[in-house]
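Architecture at a glance
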Amino acid sequence: MPTVTLHDASPIEVEIHGEGPVLLLPVDPLPAEGPQAETMRAWGMDPALGRSLIEGLRDAFTVVAFDYENHVLANPKPGTLTPANIARDLLAVADAAGADRFAYYGYSWLALSGLQLALRTDRLSALVMGGFPPLGGPYAEMLRVTTATHEMALAGPSEKTTEKTTEKTTEKTTEKAAGEAAEKPSGPPEKDDWSSVEVTLSPDQTRQFVTLYEELRGFDDLAAQARITCPRLCFVGSADDIEYGERWGGVRVGIASAVVGRRAEIEALGWDVTVLDGLDHMGAMQPPTVLPLVRPWLRARIGARTTG
C-alpha cells in the first residue's frame, strides 16, 4: 500500500487492485460501519460505496483507490486547495502507482477536479465526470454556497446540533452538491430538507472549498474544451438540481439542467453524455447505477484486462 506525499506535505494511503489499464478512483476503500453507516443509508448512500466500485472494476482494470475527500477533511488545506494543487496531488498518486497513462473517474467536486487535471496533463487516457457538468458549471453558485458554509462554521454550531454529531461522522461527510462541506443530521431526512442541516465542520475544513471556488471564479469551461483531447464521459441524474435556502445564500445549483440544456453542445465538443432519469445527486453516484454505465464505457475506450 503506497503512501503518497501531497502538495502540502501530508501523506495519503493508496490501494492498488487488479490488473489492466490504470484507473484513478478517488473513493474511500473502507466501508462505513455503525452509526455512520446508518446515517449514510438514511441519506440514500451506500456505506460501502468506494469498496463496491473497486470490486466492480478490479477484474478489468488496475484500480488505484485513494480517499481524497476524507483526506482533505482530516488534513484541511484552507489556503492551498486550488485546481493546480489538486492536479499535482492526482499526478503524484499516478506516479506512485507507476502509471504513465491512466483514466480518471470522479464524482461531484472530484469530477470538477478531473476536468482541471485534464487541462494540466497529457497523461489521461480517459475522463469520466459524474454529478458535475463539463460545460456551464455552477462555479459562481458553489462559491456562494461554500462561502455561506464557511460563515456558518465561523459562527459555530447552532442550538440544533446534538451530541449525536461526532467527529467521525463529520469526517465522513457525504455531499449533495459539488464541494459543499455540510454535515447531514443524524435522523432520516425529509427530501431536500436543507433547513435541518447543521454545519459541524471547522472553519479550516470549510475554507478550503471557498479557496477552490474562488480560484475557479473566472474559469471559462467553454474555452477550456479544446484542450481536452482524451475520450470523455459525463453523466448526471435528471433530478440533480438543488435549491438552497436563505441561510445558504438562496442559491439554485443546476447540475442536471446545465447538462440537459446544453447536451447537444456538450456532445458536439466530444463528450459522451448520459442523463439518468429520476435520480438526484446522491442517487446517481451509487454503484448499481455507476458500474453498468462506467465499466463498459471504459472498456470500449481504453480496453481492459484480458484473461484466458
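Placed above this text is the structure.
For the structure given in this document, a descriptive report is provided here. (Residues numbered from 1 in each chain as written. Predicted model: local features only at pLDDT ≥ 70, side-chain atom pairs only at ≥ 80, totals over all residues. Heavy atoms only, no water.)

1. Concerning the environment of Ala-148
Put simply, the rule reads: Secondary structure follows DSSP: runs of H or I at least 4 residues long count as helices, runs of E at least 2 residues long count as strands, and numbering of each begins at the N terminus. Only protein chains enter the accessibility calculation, which uses a 1.4 Å probe; a residue whose area is less than 20% of its type maximum is buried, one above 50% is exposed, and one in between is partly exposed. Throughout, a contact is declared for two residues whenever any of their heavy atoms are within 4.5 Å.
Assignment of secondary structure puts Ala-148 in helix H6 (residues 139-155). Taking the relative accessible area as the measure of exposure, Ala-148 reaches 9% and is therefore buried. Sequence separation between Ala-148 and Arg-247 is 99 residues, and the spatial gap between their C-alpha atoms is 7.1 Å. Once you skip the residues sitting within four places of it in the chain, Ala-148 turns out to touch Arg-247, Trp-248 and Gly-249.

2. Some thoughts on the side chain of Asp-221
Filter applied, for reference: When charges are counted, Lys and Arg are positive and Asp and Glu negative, with His and the chain ends excluded. Between Lys or Arg on one side and Asp or Glu on the other, a salt bridge is scored when a side-chain nitrogen of the former is within 4 Å of a carboxyl oxygen of the latter. Each polar contact in these results corresponds to two N or O atoms within 3.5 Å; when the atoms are within protein, one needs to be able to donate a hydrogen and the other to accept it, and residues that are neighboring in sequence are counted only if both atoms are side-chain atoms.
Among the secondary structure elements, Asp-221 is positioned in the loop between helix H8 (203-215) and strand S8 (232-237). Nearest to the buried, unbridged Asp-221 among oppositely charged side chains is Arg-262, at 5.4 Å. A distance of 2.9 Å separates a polar atom in the side chain of Asp-221 from the backbone nitrogen of Gly-137.

3. Some points on unusual backbone geometry
Backbone geometry places Ala-9, a non-glycine residue, at a positive phi of 75 degrees. Residue placement: Ala-9 occurs in the loop between strand S1 (3-5) and strand S2 (11-13). Owing to a relative accessible area of 58%, Ala-9 belongs among the exposed residues under this scheme. A positive phi is found at Ser-108, a non-glycine position, where the angle reads about 65 degrees.

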